[in-house]
Amino acid sequence: MLKFIRIGVDLAKNFFQVHALETDDGRAVTKKLSRSKVLGFFKSVEPCLVGMEACGSAHYWARELTSMGHQVYLIPPIYIKAYVKRGKNDAVDAEAICEAMSRPGMRFVPIKTKDQQAVLMLHKSRDLLIKQRTMSTNALRSHLLEFGVITAQGANRIDGLIEMARSDHDVPEMAKELIDILAQQLDEIDAAIVAVDKKIAAVCANDARMRLLDLVPGVGKIIASVVAASVPEPAIFNSGRDFAAWLGLTPRQNSSGGKAKLGKITKKGNRYIRKLLVLSSTSLLRSVAKRTGALRDWIAALLLKKPARLVTVAIANKLARIMWAMLNTGEGFREEIFMKA
């Protein structure tokens with residue numbers, strides 16, 4: 001069998017580039033493999049370290065190679081860029097991956113299971129359906145505006161807008177037929193979103209980690225399920241702040257010479273989870289007057305000094321840290337510090 005100390009693989013749809021090292025100072029073996037020959041090649045190689053970009057299909061290939069005994073590392077693409085010498089092609093990328101994975105301070109992405117990826121698929125599908133509903137709603141409003149049929153903002157007012165258009169004699173019949181098509185589309189999208197929400201709730205009910213996070217105020221089943229599926233190994237973050245930074249909820253730093261300069265939040269990392277946390281924090285902020293406890297006092301004190309939108313982001317940061325601590329320790333949420341009055 002072939003023997004290498006580590007292998008860098010540049011993933012693609014049909015052809016994969018391999019950069020394999022026999023020793024740290026030895027000659028590299030480079031190969032271009034078709035998709036059908038990738039598994040056959042790694043079967044002929046003794047178990048070794050394999051590095052890949054954390055991109056599309058990476059978790060699938062990582063599971064396949066791990067089952068053969070290889071130790072697979074997934075690297076965020078942005079951390080590989082620094083090791084690209086010059087130019088851009090598959091061979092250069094594979095070499096950069098092979099070099100990046102050898103660095104002691106490199107950060108890696110945990111390999112997700114099939115079930116975890118299925119949960120994330122639920123969330124991505126739900127997000128897509130919500131975007132499609134928003135697009136259809138906006139299209140309906142803009143079309144009817146041309147006929148003078150308008151209503152106040154809010155998704156709950158769309159049914160009334162449709163009835164107004166159907167009963168308006170100034171709206172042409174052809175336009176009313178198209179309104180019926182858009183209305184039917186909205187009904188189908190709403191039904192699909194409800195079905196996905198039920199699946200997410202069922203998954204959350206059967207997973208201990210998700211049920212644990214569901215206890216946190218303002219989190220709920222949707223956030224609990226996506227966080228548990230996205231972070232299979234919370235120990236990869238050294239602290240709750242690191243987890244919040246991964247979500248883009250910490251201030252951007254521009255520090256030098258021992259002088260710390262903090263700016264706005266970075267907004268880097270997982271945009272979907274960050275969006276959900278900010279939305280839930282907004283809802284939590286509206287009900288803070290009905291609650292009591294240490295966290296409520298912290299929010300109230302912050303509101304005296306900072307604007308509400310900034311406090312919303314601060315709450316999202318706090319919730320992220322709480323969830324990381326619960327995932328890392330397995331401890332349940334301490335209800336006595338934040339409970340309804």
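Before any of the text, the structure's been laid out above.
Model, not experiment: these values are computed from the prediction. (Residues numbered from 1 in each chain as written. Predicted model: local features only at pLDDT ≥ 70, side-chain atom pairs only at ≥ 80, totals over all residues. Heavy atoms only, no water.)

Draft legend 1. Geometry of the overall build of the protein. Counting its secondary structure elements, the protein contains 13 helices and 9 strands. Taken against the 2.2 N^0.38 rule, which gives 20 Å for 341 residues, the C-alpha radius of gyration of the protein at 25 Å runs more than 25% over that of a compact globule. Along the first, second and third principal axes, the C-alpha set of the protein runs to 80 × 55 × 45 Å. Split into buried and exposed, the 341 residues of the protein put 39% on the buried side. Contacts spanning at least 24 positions in sequence make up 54% of the contacts within the protein whose residues lie at least 6 apart. Split by element, the accessible area of the protein, about 19700 Å² in all, is 54% carbon and sulfur. (Helix = DSSP H or I, 4+ residues; strand = E, 2+ residues; numbered from the N terminus. Rg over C-alpha atoms; globule rule 2.2 N^0.38 Å. Buried < 20%, exposed > 50% of the residue type's maximum accessible area, 1.4 Å probe, protein only. Contact = heavy atoms within 4.5 Å. Areas by Shrake-Rupley, 256 points an atom, 1.4 Å probe, with all protein chains shown as cover.)

Draft legend 2. Main features of the pairing of strand β3 (residues 28-34). Bridge analysis of strand β2 (residues 15-21) against β3 gives 7 bridges, and the strand direction is antiparallel. Bridging across to β3, A20 finds its partner in V29. Between β2 and β3, which follow one another and run antiparallel, lie 6 residues. (Pairing = 2+ DSSP bridges.)

Draft legend 3. Highlighting the packing of aromatic side chains. Counted according to the given criterion, the structure contains 7 aromatic pairs. A ring pair is formed by Y60 and W61, whose centres lie 5.1 Å apart and whose planes are at 70°; its orientation type is edge-to-face. Note on W61: relative accessible area 3%, which makes it buried. An aromatic cluster is present here, built from F16, Y60 and W61 joined pairwise through their rings. Directly above the ring of F15 sits K32, whose terminal nitrogen or CZ lies 5.3 Å from the centroid. Stacked on the ring of W298, the Lys or Arg K318 has its end atom at 4.4 Å from the ring centre. (Phe/Tyr/Trp six-rings, centres within 6.5 Å; stacked < 30°, edge-to-face > 60°. Lys NZ or Arg CZ within 6 Å of the ring centre and 35° of its normal.)

Draft legend 4. Layout of the nonpolar core. Core analysis: the biggest nonpolar cluster contains 42 residues, and L213, V227, F243 and L277 have the highest contact counts within it. Looking at this core, the elements that each hand over two or more residues are α5 (114-145), α8 (208-213), α9 (220-230), α10 (240-246), α11 (271-286), α12 (294-305) and α13 (308-329). At 10 residues, the largest contribution of residues to this core is made by α13. In this view, F243 contacts V227, V231, F237, A320 and W324; residues no more than four positions away in its chain are not counted. Of all hydrophobic cores here, the second largest spans 22 residues; its members include F16, A20, V29 and L74. (Core = buried A, V, L, I, M, F, W, Y, C linked by side-chain atoms within 4.5 Å.)

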